[in-house]
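Architecture at a glance
Here are the chains, one letter per residue:
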Amino acid sequence: MDDQAAAALFGNSFAIEEVPSRTFPDDGMSATDAMRLVAEDLAIEGDPGRNLATFVTTWMEPQAQRVIADNLHRNFIDHAEYPRTAEIEQRCIRMLADLFHAPGETTGARTQGSSEAIMLGALSLKWKWKERQQAAGRPIDRPNLVFGADVHVVWDKFCRYFDVEPRIVPLQPGKYTIGPEDVEPHLDENTIGVAAVLGTTFTGHKDDIVGINDLLLTIKSTRGLDIPMHVDGASGGFVWPFLYPHSEWDFRLEQVRSINVSGHKFGLVYPGIGWLVFRETADLAKDLVFEENYLGKTDATFTLNFSTGSSMVLAQYYNFVRYGRAGYGYIMRNMQKNAQVLAERLRDLGRFDLIGADQEQLPLVAFQLSGDNAFDEFDLAWQLSAERGWMVPAYTLPPDAQDVTIMRALVKQTLSREHVDTLARDIADACQTLDRKGGAHESERAQMVTGPGH
């Protein structure tokens, strides 16, 4: 029996051969071989269950996975052919508007994630600013956008891609969010809006959204400048309504005109799904909405993408009706409790300082080494990964806090109390190993994850 026949009978065709990687293969392989090839390649991938860096959902219920699998073939944009899917999208937008205390009828859009939602929301800020400028007889050639250095990189991308001046408020050691006193010097008649963050990727805290709103109202009444605010709730939009329901950050504040949120983060849906919700229908600039005649039906589209799957929209609706406010609240409180336990365990080790654990925060622990050590946070991140497979990122903060290094452990739905206790012990063991051997080698440092943007 030759090798090819033996492989077909006993193994797989690529067991002793290189897998296709450089050129388009001349021949195919059986479906079973292709499935095994991909599966065995990913078997040495990182374990999502121990990835405490990513905010993205890594587990869904089997029934939700069935909904996803049953609708992978359905193109979301084909509203004429799939009108119920389009209706379910609108249901989700209405539910989010209700969750975010919209005062009345509004509009929004599903997106591939918060990056697309932010791009669309910021474009609407720019177009609405142009309308105000033209109505006042002012020029429209120098728009600017104000935000803190605690934002996701997509805000910088928007400014570069769409020709808007970024006015970035630097951070400070010990102050990792922004407030009205930071924003005020940057505002003028060319400001299209202020972006505030609800749950930063760096420390999990929120900007002083109430204070910024009050500032914008004062400027509106004294200077006649109506400067709106967009809240980047990519991470916090599904957390604050359930953990801090009395904390005002949403459409209860007059100048908050649009909000984005990631369904694939604390919305508990696999990637990629994001949402953009406006305070009122009028907050969406009409010039950005296209009337598209596609496959025999005219639809209004507001998107940077076109064809995309329906699965994650349907999965989001599944979660909304499956969990409701009670279920989301239960899950968020469990994550918060486990984050608090992890914080206590780290505090008890006597090696770490916690960052803002007494403030409103995402379910995570932000911490840094205290005192003098023979190693730093980057060494600890590497040792945790090498010893136990935990992915706990270490990173420096943006300017002017670039000399501050912290670590962040995200506590998600799948991180149980037992996992929390194990993680704390593994951190203690990694510290003891580093006490003995010193810091990581330069070759190890080159492989470290050093950013918070997951």
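Please refer to the structure placed before this passage.
Heads up: these notes are all about the structure in this document. Fair warning: this is a prediction, and the values are worked out from it, not measured in the lab. (Residues numbered from 1 in each chain as written. Predicted model: local features only at pLDDT ≥ 70, side-chain atom pairs only at ≥ 80, totals over all residues. Heavy atoms only, no water.)

Things to note about the overall build of the protein chain
Check the secondary structure of the protein chain and you find 13 helices and 13 strands. Expected size for 454 residues packed as a compact globule is a radius of gyration near 22 Å; at 24 Å, the protein chain falls within 12% of this value. Counting only C-alpha atoms and orienting by the principal axes, one finds that the protein chain spans roughly 80 × 65 × 45 Å. Counting every position in the protein chain, which comprises 454 residues, the buried fraction comes to 53%. Contacts in the protein chain between residues far apart in sequence, at least 24 positions, make up 72% of those at least 6 positions apart. Total accessible area computed for the protein chain in this model is approximately 21300 Å², and 50% of it derives from carbon and sulfur atoms. Measuring between centres, the 43 positive side-chain charges of the protein chain sit 5 Å from its 64 negative side-chain charges. (Helix = DSSP H or I, 4+ residues; strand = E, 2+ residues; numbered from the N terminus. Rg over C-alpha atoms; globule rule 2.2 N^0.38 Å. Buried < 20%, exposed > 50% of the residue type's maximum accessible area, 1.4 Å probe, protein only. Contact = heavy atoms within 4.5 Å. Areas by Shrake-Rupley, 256 points an atom, 1.4 Å probe, with all protein chains shown as cover. Lys, Arg positive; Asp, Glu negative; His and termini not counted. Charge placed at Lys NZ, Arg CZ, Asp CG, Glu CD.)

A word on the packing of aromatic side chains
One pass over the full model with this rule turns up 13 aromatic pairs. Measuring from ring centre to ring centre gives 5.3 Å for F100 and W249, while their planes differ by 70°; the resulting arrangement is edge-to-face. Taken together, the residues F100 in the loop between helix 4 (83-99) and strand 1 (108-111) and W249 in the loop between helix 9 (240-243) and strand 6 (256-262) connect sequence positions 149 residues apart. In terms of burial, F100 and W249 fall into one category: buried. Centre to centre, the rings of F158 and F162 are 5.4 Å apart; their planes meet at 35°, and the pair counts as tilted. For F158, a relative accessible area of 0% puts it in the buried group. Among the aromatic side chains, those forming a connected cluster through ring pairs are F238, F242, F320, Y323 and Y328. The positively charged end of R110 is found above the aromatic ring belonging to F76, 5.0 Å away from the centroid. (Phe/Tyr/Trp six-rings, centres within 6.5 Å; stacked < 30°, edge-to-face > 60°. Lys NZ or Arg CZ within 6 Å of the ring centre and 35° of its normal.)

What to know about helix 10 (residues 311-349)
Taking 1.5 Å of rise per residue, the 39 residues of helix 10 would be expected to cover 57 Å, yet its terminal C-alpha atoms sit only 44 Å apart, more than 12% below that figure. Within helix 10, the axis deviates most sharply at G324, by approximately 85°. Where helix 10 terminates, the next one or two residues include G350, which has phi positive at roughly 75°. (Expected span 1.5 Å × (residues − 1). Bend = angle between axes of the 7 residues up to and from the residue.)

With respect to helix 11 (residues 377-388)
Between its first and last C-alpha atoms helix 11 spans 16 Å; for 12 residues at 1.5 Å apiece the expected length is 16 Å, and the two agree. Within helix 11 the residues assigned to the buried category are E377, F378, D379, L380, A381, W382, Q383 and L384. For helix 11, the capping residue at the N-terminal end is D376, with a side-chain oxygen 3.1 Å from the backbone nitrogen of F378. Following helix 11 by one or two positions, G389 adopts a phi angle in the positive range, close to 80°. (Polar contact = N/O pair within 3.5 Å; in protein donor to acceptor, adjacent residues only side chain to side chain.)

Brief notes about the sheet that holds strand 13 (residues 405-410)
Read across the sheet, 4 strands follow the order 10-11-13-12 without closing on themselves; strand pairing throughout is antiparallel. Each end of this open sheet is capped by a strand with a single partner; those strands are strand 10 (352-354) and strand 12 (394-396). Across the sheet, the axes of successive neighbouring strands diverge by a mean angle of 40°, strand direction being ignored. Pairing analysis gives 3 bridges linking strand 10 to strand 11 (residues 364-369), with the strands arranged antiparallel. Paired with D353 across the strands is Q368, a residue of strand 11. The strands that helix 10 touches are strand 10, strand 11 and strand 13; relative to strand 11, the one it contacts most, it runs at about 15°. (Pairing = 2+ DSSP bridges. Axes fitted to C-alpha atoms, helices over the stretch in contact; angles between N-to-C directions.)

Comments concerning the sheet that holds strand 7 (residues 274-278)
Within the open sheet, the 7 strands sit side by side as 1-7-6-5-4-2-3. Their pairing is mixed. The open sheet has two free edges, formed respectively by strand 1 and strand 3 (165-169), since each of these has just one partner strand. Between one strand axis and the next, the sheet turns through 20° on average, direction left out of account. Relative to strand 7, strand 6 runs antiparallel, the two sharing 5 bridges. What sits directly across from V261, in strand 7, is W275. Here helix 5 (residues 114-135) sits on the sheet in contact with strand 1, strand 2 (144-148), strand 4 (191-197), strand 5 (229-232), strand 6 and strand 7, set at roughly 150° to strand 4. Packing against the sheet, helix 6 (residues 154-161) makes contact with strand 2, strand 3, strand 4 and strand 5, and its axis sits at approximately 165° to strand 2.

Comments concerning a nonpolar patch on the surface
A surface patch of nonpolar side chains, amounting to about 420 Å² of accessible area, comprises M1, L9 and F10. In this structure, F10 sits in helix 1 (residues 3-10). (Patch = residues over 30% accessible without salt bridge, like charges linked within 9 Å, V, L, I, M, F, W, Y side chains within 5 Å. Salt bridge = Lys/Arg side-chain N within 4 Å of Asp/Glu carboxyl O.)

Some remarks on the side chain of T85
Relative to the assigned elements, T85 resides in helix 4. What T85 contacts, discounting residues up to four positions off in sequence, is R74, F76, S310 and L314.

Things to note about the pairing of strand 6
Buried residues dominate strand 6, accounting for 7 of its 7 residues. Relative to strand 6, strand 5 runs parallel, the two being bridged by 4 bridges. Among the inter-strand pairings, V231 is bridged to a residue of strand 6, identified as I259.

Some points on the environment of L99
Secondary-structure assignment places L99 in helix 4. Distance in space between the C-alpha atoms of L99 and F238 is 9.0 Å, their sequence separation being 139 residues. Once residues lying within four places of it in the same chain are set aside, the contact partners of L99 are G237, P241, F242, D250 and R325.

A closer look at the environment of A31
Turning to its location among the elements, A31 is positioned in helix 2 (residues 31-42). Overall, A31 belongs to the exposed group, its relative accessible area being 66%. Once the C-alpha coordinates of A31 and E81 are considered, the two residues, 50 residues apart in sequence, prove to be 31 Å apart.

A closer look at the nonpolar core
Core analysis: the biggest nonpolar cluster contains 75 residues, and L96, L187, I209 and F266 have the highest contact counts within it. For this core, the element with the most residues is helix 10, which contributes 12 residues. When residues no more than four places from it in sequence are discounted, the contact partners of L187 are V146, V194, L215, L216, I219, R223 and I227. In this structure, V341, L342, V365 and M407 belong to the second largest nonpolar core, which totals 29 residues. (Core = buried A, V, L, I, M, F, W, Y, C linked by side-chain atoms within 4.5 Å.)

Some points on the packing of helix 3 (residues 62-70) against helix 10
The contact between helix 3 and helix 10 brings their axes to 8 Å, and the two run at 150°. As the angle between them shows, helix 3 and helix 10 are arranged roughly antiparallel. As helix 3 runs across helix 10, the sense of the crossing is right-handed. Contacts from Q63, A64, V67 and I68 in helix 3 reach S311, M312, L314, A315 and Y318 in helix 10. Partitioned by chemical class, the residues of the contact of helix 3 with helix 10 number 7 nonpolar, 2 polar and no charged. (Parallel < 35°, antiparallel > 145°, perpendicular 65-115°, else oblique. Left-handed = near helix turned anticlockwise from the far one by under 90°. Nonpolar A, V, L, I, M, F, W, Y, C, P; charged D, E, K, R; others polar.)

Keep in mind that these numbers describe shape and distance, not what the molecule does.
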